[in-house]
Amino acid sequence: MRSFVNILLKTLLLVSLAFATLWVLLQLPPIQTYMVQRAAEWATEKLGMQVNIAQASIKWFDTLTLEDVRIRDLQNRPMIQIGRLEVDYNLANFVDFTALPSWLKSVISKSGTTLKKPTNATYLDAVMLYKPNVQLVYSPKTGDLNLDDFIGAIERLTADSATVNVHSDMHAPFTIGKVALVDGFFSMDDPREAYMKNPKDFDYNHLRLSAINGDITNFLVLGDTIALDVTKLRTVDRQTGLTLKRMDTKFLYSSKKMEFANLYMAVNNSVIRRYVAFLYNTQSDMGDFNTKVAIRADFANSIVQSADLGAFSEYVRGLNETWFLSGTMRGRVTDLSLVDTDLRFGAQGRSRLVGDLAFKNLPDMNNLLVNLRFRPSLVTMADVRQYYPDPAFNQTMAKLGTLAFNANFTGAFNNFTTKGQFSSALGRVAGTLKLKLADNPDLTTYEADLTADNFRVGELLDQSGKSGATSQFGNSSNTLQTIDGRGRLRGQGTDLSRAQADVDGQFARVGFGGYNYRNVVVQGNLQKAYFAGHVALRDPNAKLNLDGEFDLRGLRNHFDVRGTVQQADLRALGFTHDSLTISTYVNAVLEGNSVDQLTGDATFREAFLTLNGRNLAIDTLSVVSTIEGAQSRYLNIDSDFLSARLQGNYQPNRTITDLTRLVEEYKLYFTGDAVGRKQYYAEKLLRSLRQNQPAYHIDYLMTVRNAAPLLTFLNMPAYLSTGTRLVGRYNADNTQFITANI
């Protein structure tokens, strides 16, 4: 019995010593390195790719450290290099220890864990990658990445042996609880594509990312899919200097999709939030990103600076902008849509676009087409200048100031159609506008059906007059100011002096020449400040229906007018100093920018005039006016009252005023008192010195018919019998006198 016990004890001791010796040997680095290198040879054989490991260290079968790990692709090019790889694992996940004695289980397993039978899944607790270097290369023949071959080999190696020869979508998962990246490098090359020549361009096809640091959790490889949660990822693009300061996301990569969910990404001074995904048929489509890769993105409170986005577009690189973006993006770069967009830009984000925006042909701004469906939005036109630096466009658009609108906009920025409501610094407009801008403003074309509300169209069309200002008599300005009403317009040119357009409008107000005309109907053709058509007016100071031509192209306006003037208050309209209203049928061909400048001939029938409260009815009046040189004016008059010819260097308005004053002087002389006369002449002297008007004269020849109504109308206390012939001169200077030969 004692011999049996001794033999048993010795046997147990030898087994224990053997196990202890094996345990000690397995803890020795040379032994561990030898074992790992044999494993690398096995992996090389199974993967078909060269795997090398310089050194290994295993501690208590739950921590593995590998030094200088290198994996070459099928073309024997460096693909993965890791300076140091530290793996924390549970050996029980790989070996079935459930049948071992309890005391041995406690030695092998980690404290607090329960041993279970391993599955075909591979799980590591934690991995630290120090100086990892991943070099991906597209195949020139197939367009696949060398990493695709590696993932495929891993998939075959880890596949369930029961289904390895059966077609199945079931794959063995490979998972890691935590991964730390320290000072990594990543490159991706497509040898089919040339390198970017400009170092400021982000090179999709030859990517170089250095200084990669970050933390990863829930790492999963399942078939062709890689999923992981990223926190505090940081890196730098070597070519452009773009710096990823931080990225947090749930990342997914597969043969058809690259997804960044729960995204927070800070690149230089830009911040992208929420969700971005790229969809493609093959990974090689990334080499033609703009046309082949579909984008699905949701942005929330994202901030993008042009200096950062400029790495992807030469056009954007020339901007100085910050965009604040929320919305949903769909499509490819060349055919891109933003849905439920809220985009702010400009100084302090003062301009805001809200709505659904679609773009074609990006990033080629010269051929960009848009379909913009805005909800209430606001744009300061100064913020648009850098996007479309065309001088003609900006000169016109800058006058709008800040534009508030709710509209649709389709076409190019220099050839577009828009429909909606607009409110700007020049007023409010609603309707439809088709506008094609040209470098030469005279070649700009437009077609519009617009309703204007207090819109200062004159300022938009480079007119110098201001709305609401009442012009002084004799002002030759032909400026167009504010309009209210609806008009249909089709024409060419933006300068009134050269524009040509067909016009059909009904306006509650039209500001022209310093006066706001009310209730205006205009139908006709406007060509380079030449209008031919119909004008109807129902203004408090003018009611008329006229047909004819209004030519404002030359230095002197030309009018060929036929129609009826029911009422016209010439003083209120700014044509005379005295209160003069007329109603008449008129047929006139005249030239001139004021009454004093008018020449031509006019016939008035059934006329009724009121001058300073005095009335005059005229059956027929014919007037012919000519001016020769700067001094000689000829006026021929034929009427019910007289026929006359006046010649001299006079101006009609001043003459009427002076004659009226002369009549008042005669009244004062014959009927007034000495004190009143003295005061009057003192004031007259001061007025004459202040005005310093030049002297003038009128030579006249008159044949009287029935002058009494006319003399009463002119407030002249005189009597001329029928048939009287008067020849004489009227002189006006500091004093006035008149001579007459009967």
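Draft legend 1. Focus on the overall build of the protein chain. Secondary structure summary: the protein chain contains twelve helices and 33 strands in total. Across the 742 residues that make up the protein chain, the buried fraction comes to 42%. Summarising the internal contacts of the protein chain: among those between residues at least 6 apart in sequence, 49% fall at separations of at least 24. As displayed, the protein chain has an accessible area near 39,500 Å², and 57% of this comes from carbon and sulfur atoms.

Draft legend 2. Summary view of the pattern of salt bridges. Within the structure shown, the criterion is met by 24 salt bridges. Where arginine 317 meets aspartate 201, a salt bridge forms, and the shortest distance between an N and an O atom there is 2.2 Å. Of the two residues, arginine 317 sits in helix 7 (residues 314–317) while aspartate 201 sits in the loop between strand 5 (174–189) and strand 6 (206–222), which places them 116 residues apart along the sequence. Judged by its relative accessible area of 22%, arginine 317 is partly exposed. Note that lysine 250 is salt-bridged to aspartate 229, the shortest N-O span being 3.0 Å. Of this pair, lysine 250 sits in strand 8 (residues 243–253) while aspartate 229 sits in strand 7 (residues 225–237), placing them 21 residues apart in sequence.

Draft legend 3. Region of interest: the side chain of aspartate 73. Mapped onto the elements of the fold, aspartate 73 is located in the loop between strand 2 (63–72) and strand 3 (78–88). Separated by 2.9 Å, the side chain of aspartate 73 and the backbone nitrogen of glutamine 75 make a polar contact.

Draft legend 4. Region of the structure containing the environment of isoleucine 272. Tracing the backbone through its elements, the reader meets isoleucine 272 in strand 10 (residues 270–279). Isoleucine 272 sits in the buried class, given a relative accessible area of 14%. The spacing of isoleucine 272 and methionine 247 is 25 residues in sequence and 9.3 Å in space, taken between C-alpha atoms. Excluding its chain neighbours within four sequence positions, the residues that come into contact with isoleucine 272 are Leu263, Tyr264, Met265, Phe299, Ser302 and Val304.

Draft legend 5. Seen up close, the pairing of strand 30 (residues 642–648). Burial along strand 30 is one-sided: the residues Leu642, Ala644, Leu646 and Gly648 are buried and none of Ser643, Arg645 and Gln647 is. Note that strand 29 (residues 632–639) and strand 30 share six bridges and pair antiparallel. When the bridges of strand 30 are listed, leucine 635 appears paired with leucine 646. In this structure, the hairpin formed by strand 29 and strand 30 is closed by a connection of two residues.

Draft legend 6. Main features of unusual backbone geometry. In this chain, leucine 362 is followed by proline 363 through a cis amide linkage whose omega measures 0°. Mapped onto the elements, proline 363 comes out in the loop between strand 14 (351–360) and strand 15 (369–380). Non-glycine residue aspartate 68 carries a positive phi angle of around 50°. Looking at where aspartate 68 falls in the secondary structure, it is placed in strand 2.

Draft legend 7. Here's a closer look at the environment of valine 521. Here valine 521 lies in strand 22 (residues 515–527). Separated by 15 residues in sequence, valine 521 and alanine 536 have C-alpha atoms that sit 4.9 Å apart.

Draft legend 8. Geometry of the side chain of serine 313. Position of serine 313 relative to the elements: it lies in the loop between helix 6 (306–309) and helix 7. A polar contact is formed between the side chain of serine 313 and the backbone nitrogen of tyrosine 315, at a distance of 3.4 Å.

Draft legend 9. Spotlight on the packing of aromatic side chains. Evaluated as defined, the whole model comprises 14 aromatic pairs. Their ring planes at 25° and their centres at 6.3 Å tell us that phenylalanine 405 and phenylalanine 422 sit as a pair that is stacked. Note that phenylalanine 405 is positioned in strand 16 (residues 402–412) and phenylalanine 422 in strand 17 (residues 415–424), a separation of 17 residues in sequence. By relative accessible area, which is 10% here, phenylalanine 405 ends up buried. On the basis of relative accessibility, which here comes to 18%, the residue phenylalanine 422 falls in the buried class. Chaining the aromatic ring pairs together yields one cluster made of Phe251, Phe260, Phe278 and Phe289.

Draft legend 10. Structural view of the environment of glutamate 459. Summarising the element assignment, glutamate 459 is placed in helix 9 (residues 457–460). Between the C-alpha atom of glutamate 459 and that of glutamine 481, which follows or precedes it by 22 residues, the distance is 7.0 Å.

Draft legend 11. Structural context of the confidence of the model for the protein chain. Predicted confidence across the protein chain gives a mean pLDDT of 82, with 82% of residues reaching 70 or more. Note that pLDDT drops below 50 for residues 1–23; the model gives that stretch four contacts with residues more than four away or on any other chain.

Definitions and cut-offs
- Position numbers for residues count from 1 along each chain, tracking the sequence in the order it is written.
- For this predicted model, a pLDDT threshold of at least 70 governs which residues receive local features, and a threshold of 80 or more governs which side-chain atom pairs are given and counted, while totals over whole chains, interfaces and linings are taken from all residues.
- Heavy atoms from the whole structure form the basis of all side-chain values; hydrogens and water molecules are not counted.
- Think of it this way: any DSSP run of H or I at least four residues long counts as a helix, any run of E at least two long counts as a strand, and we number them from the N terminus.
- For the exposure calls, accessible area comes from a 1.4 Å probe over protein chains only, and a residue counts as buried if that area is under 20% of its type's maximum, exposed if over 50%, partly exposed in between.
- Contact between two residues is taken to exist if any of their heavy atoms lie within 4.5 Å; hydrogens are not considered.
- Where accessible areas are quoted, they stem from the Shrake-Rupley method and a 1.4 Å probe; at the residue level, only the protein chains shown are allowed to cover.
- Any Lys or Arg side-chain nitrogen located within 4 Å of an Asp or Glu carboxyl oxygen qualifies as a salt bridge.
- N or O atoms within 3.5 Å of each other form a polar contact, as long as, within protein, one can give a hydrogen and the other can take it, and as long as residues adjacent in sequence are counted only when both atoms are side-chain atoms.
- Note: two strands are recorded as paired if DSSP finds a minimum of 2 bridges between them.
- Geometry of aromatic contacts follows a simple scheme: Phe, Tyr and Trp rings, the Trp one being its six-membered ring, pair when their centres are within 6.5 Å, and the pair is stacked under 30 degrees between planes, edge-to-face over 60, tilted otherwise.
- As a per-residue measure, pLDDT reflects the predictor's confidence and takes values from 0 up to 100.

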